Structure formats: structure tokens, C-alpha cells
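# Secondary and tertiary structure notes
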Amino acid sequence: MEFLNTIGGYALGLLGAGLAAVLAGIGSAKGTGIAGEAGAGIVSEDPSKFGKAMILQVIPGTQGLYGFVIWFLAFGKLSALGGADMTVAQGLQVLSACLPVAIGGMLSGIAQGKVAAASVNILAKKPDHWSKGMILCITVEFYAILALLASFMMLNAI
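In this report, we go over the structure that sits alongside the text. None of these values were measured; they are calculated from a predicted model. (Residues numbered from 1 in each chain as written. Predicted model: local features only at pLDDT ≥ 70, side-chain atom pairs only at ≥ 80, totals over all residues. Heavy atoms only, no water.)

## Let's talk about helix α3 (residues 62-80)
The test is simple: Helical segments are the DSSP runs of H or I of at least four residues, strand segments are the runs of E of at least two, and each set is numbered from the N terminus. Helices are assigned an expected span. That span is 1.5 Å times one less than the residue count. Under the scheme applied here, a residue whose accessible area is under 20% of the maximum for its type counts as buried, over 50% as exposed, and between as partly exposed, the area being computed with a 1.4 Å probe on protein chains only. In this description, the arc belongs to the directions extending from the helix axis to the C-beta atoms.
Its 19 residues place the ends of α3 27 Å apart at the C-alpha level, agreeing with the 27 Å of an ideal helix rising 1.5 Å per residue. Along α3, the positions that sit buried rather than exposed are Gln63, Gly64, Tyr66, Gly67, Ile70, Ala74, Lys77 and Leu78. Down the axis of α3, the smallest arc covering the buried residues is 150°, so these residues share one side. Those residues of α3 that are exposed and angled more than 90 degrees off the buried face are Leu65, Phe72, Ser79 and Ala80. Looking at the residues trailing α3, positive phi occurs at Gly82, about 110°.

## Overview of the environment of Phe152
Threshold: Note on contacts: a residue pair qualifies if any of its non-hydrogen atoms lie within 4.5 Å across the two residues.
On the secondary structure map, Phe152 appears in helix α5 (residues 130-157). For Phe152, a relative accessible area of 37% corresponds to the partly exposed category. Taking C-alpha positions, Phe152 is 9.0 Å from Val69, a pair spaced 83 residues apart along the chain. Aside from chain neighbours lying at most four places away, what touches Phe152 is Ile70 and Leu73.

## Observations concerning the side chain of Ser28
Structurally, Ser28 can be placed in helix α1 (residues 2-45). Classification of Ser28 by relative accessible area gives buried; the value is 6%. With residues up to four places along the chain from it excluded, the contact list for Ser28 reads Pro60, Gly61, Thr62, Gln63, Gly64 and Gly109.

## A few points about a nonpolar patch on the surface
To keep things clear, this is the line we draw: Like-charged residues are merged into a patch within 9 Å and nonpolar side chains (Val, Leu, Ile, Met, Phe, Trp, Tyr) within 5 Å, provided each residue has over 30% relative accessible area and no salt bridge. Calculation of accessible area relied on Shrake-Rupley with a 1.4 Å probe; when residues are assessed, cover is drawn exclusively from the protein chains displayed. Put simply, a salt bridge is a Lys or Arg side-chain nitrogen that is within 4 Å of an Asp or Glu carboxyl oxygen.
A cluster of nonpolar side chains, namely Leu65, Val69, Phe72, Leu73, Phe142, Tyr143, Ile145, Leu146, Leu149, Phe152 and Met153, defines an oily patch on the protein surface of about 1,000 Å² accessible area. Sorting the residues of the nonpolar patch by element identifies α3 and α5 as the ones contributing at least two each. Of all the elements, α5 adds the most residues to the nonpolar patch, at seven residues. When you line up the elements, Phe72 lands in helix α3. Judged by relative accessible area, Phe72 falls into the exposed class, the value being 55%.

Here is the structure:
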């Protein structure tokens, strides 16, 4: 407990905000990278499919945006709680509130990238059915949105 008192509540809150932005961003970077690799393959064979492949690649990028939104809200909450004078308990509350979008954003971003890459295969083999791949990607997005809402509601409850 002495260690927590030494670093203070503000540092714990900053850690939570940072994790929200960084881990969700890592998930988006990994996910868009996976989908981008698949997209580059199809575009090299048929450049006319670039637009649809790009849409599938961009979808996993939303998790990074969600993490940034929570970072912004958490940073505002840190100021409202007194900044450097906030308690360890308050810092732990902010840290805990940031974890759903941090972990959920990272994992769903990677998973969505894999689904988007598989959806590029649909685009390659049956171009008229590429929207079915979009629906598959949106199914994963639902869980990223749930993580965002959980973090948002937890921050508002502090």
C-alpha cells in the first residue's frame, strides 16, 4: 500500500487513461495491418477493388478512436477530481474505468482485423457478396462499442 501512496492517485489515473489510448491503438494498428495485407494482395490482382478493400481495412481502426475518446474523458475526470491532489482510491477508480476499452479495444481490433482479412477473400472470390463480409466485421465492432460504453458509464459514475 505504501507504493500506491508514493505514486499517488493522479499517476494511477494517468496510467488508466494511457492504457485506454495505447492498448486500443495497438489493437487497431494490428487489425488494420492484418486487413491491409489482405487488401494489398487483392488490389495487386485487381486494382478496381481498391475502394472496397480499403473500407474493410479501415473498420478495425475504430477501436483506437474509442480508446482516444476514453483517454480524453479520463483526462478531464482527472482534472475534475483535483489533479495531483486526488486520492489513491480515486486514481484506482479512473484506472478501472479505463480498462474495458483498453482491453476490449485491443482484443476486438485484432479480431476484427482477422475478420476483415477474411472478408477481403469474399471480395476476391464473390465481389457481389462483399457486404456480407462487412456484416461479419460489424458483429465484432459491437463488442468494441460495448467496451466503450462500459468505460464511459464507469467514468461518469466516478
